[in-house]
Amino acid sequence: MNNFEPKIVGFLCNWCSYAGADKAGTAQSIYPPNVNIIKVMCSGRVDPQFIMKAFEKGADGVIILACHPGDCHYKEGNFRAIQRHQLLLKLLGQLGIEKERCRFDYVSAGESERFVLIIKDMVSIIKELGPIKRSS
Ligand code: FES
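To start, this report covers the structure provided alongside it. For clarity, every value in this text was computed on a predicted model and none was experimentally measured.

1. What to know about the overall build of the protein
For the protein, the count of helices and strands is four helices and four strands. Taking 14 Å as the expected radius of gyration for a compact globule of 136 residues, we find that the protein reaches 14 Å, a close match to that expectation. Overall size of the protein, expressed as C-alpha extent along the three principal axes, is 40 × 35 × 20 Å. Taking all 136 residues of the protein together, the buried fraction comes to 45%. Within the protein, contacts between residues separated by at least 24 positions form 79% of all contacts whose residues are at least 6 apart in sequence. Total accessible area on the protein is roughly 7,800 Å²; 53% of this is exposed by carbon and sulfur atoms.

This is how it looks when you write it as structure tokens:
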């Protein structure tokens, strides 16, 4: 039996994804409590250093949730964010961190069910991977 409960840090953009998560909370949707949510004004605000810091401080996974393409309130923030994410995945690979541990996805303000599905999926994937291996 796997008792591992992953710690996941979620960076959610204020305008879409955080609102979607809030809606899931208001609807009393049930999803795993493994995600610590950090609200950012835009996914474009998520500096790769934030993600590296989350892993360094004990996160087993990180998820960045953004407005859908074309819906970013700052026009191109989510495009920049996904480009950075692609680069970061290469770096994580070189550090021996599986790319599945760092996910980028889209959730709009009305997509509370999508938010719940993504969180359930992410928790399941990280449980499967197990705790992140850290060199001490
Ligand atoms: S405001 Fe949501 S991703 Fe930019």
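2. Some thoughts on the packing of aromatic side chains
Note on aromatic pairs: each is described by the distance of the centres and the angle between the planes. In this structure the tally under the stated criterion is three aromatic pairs. Seen from their ring centres, Y31 and F115 are 5.2 Å apart, and the 85 degrees between their planes marks the pair as edge-to-face. Taken together, the positions of Y31 in the loop between α1 (17-26) and β2 (35-40) and F115 in helix α4 (residues 112-129) put the pair 84 residues apart, joining distant regions of the chain. Residue classification places F115 among the buried positions, given a relative accessible area of 1%. Considering the side-chain rings of F104 and Y106, the 5.3 Å spacing of their centres and the 85 degrees angle between planes classify their relative orientation as edge-to-face. When sorted by exposure, F104 lands in the same class as Y106, which is buried. Positioned above the aromatic ring of Y18, the side-chain terminus of K39 is 4.6 Å from the ring centre.

3. Considerations on unusual backbone geometry
Although it is not a glycine, Q28 sits at a positive phi angle of roughly 55 degrees. Structurally, Q28 is set in the loop between α1 and β2.

4. Focus on the sheet that holds strand β1 (residues 8-13)
The four strands are arranged β2-β1-β3-β4 in an open sheet whose pairing can be described as parallel. The open sheet terminates on both sides in strands that have one partner only, identified here as β2 and β4 (102-106). Averaged over all neighbouring strand pairs, the angle between strand axes comes to 20 degrees, with direction disregarded. Direction of pairing for strand β3 (residues 61-66) relative to β4: parallel, over a ladder of five bridges. Considered in β4, the bridge of I63 is made with R103. Its contacts with the sheet place helix α3 (residues 77-94) against β3 and β4, and it is angled at close to 160 degrees to β4.

What counts, and at which threshold
Along each chain, the written sequence defines residue order, and numbers are assigned to residues from 1. With pLDDT at 70 or above as the cut-off, local features in this predicted model cover only qualifying residues; side-chain atom pairs require 80 or more to be listed or tallied, and sums for whole chains, interfaces and linings still use all residues. Side-chain metrics in this entry use all non-hydrogen atoms of the structure; hydrogen atoms and water are not considered. For the purposes of this entry, the term helix denotes a DSSP run of H or I that reaches at least four residues, the term strand denotes a run of E that reaches at least two, and both are numbered from the N terminus. For this measure, only C-alpha atoms enter the radius of gyration; the expected value for a globule follows 2.2 Å times N^0.38, where N is the number of residues. Only protein chains enter the accessibility calculation, which uses a 1.4 Å probe. A residue is then buried if its area is under 20% of the maximum for its type, exposed if over 50%, and partly exposed in between. In what follows, a contact means two residues having at least one pair of non-hydrogen atoms within 4.5 Å. Computed with the Shrake-Rupley method and a 1.4 Å probe, the accessible areas treat only the protein chains shown as cover for residues. Whether two aromatic rings pair depends on their centres lying within 6.5 Å, for rings of Phe, Tyr and Trp, where Trp uses its six-membered ring; planes under 30 degrees apart make the pair stacked, over 60 edge-to-face, and the rest tilted. Geometrically, a charge over a ring is one whose NZ (Lys) or CZ (Arg) sits within 6 Å of the ring centre while staying within 35 degrees of the ring normal. DSSP bridges decide pairing: two strands pair if at least two such bridges lie between them. Axes here refer to lines fitted to C-alpha atoms; in helices the fit is confined to the stretch in contact. Angles between the N-to-C directions go from 0 to 180 degrees.

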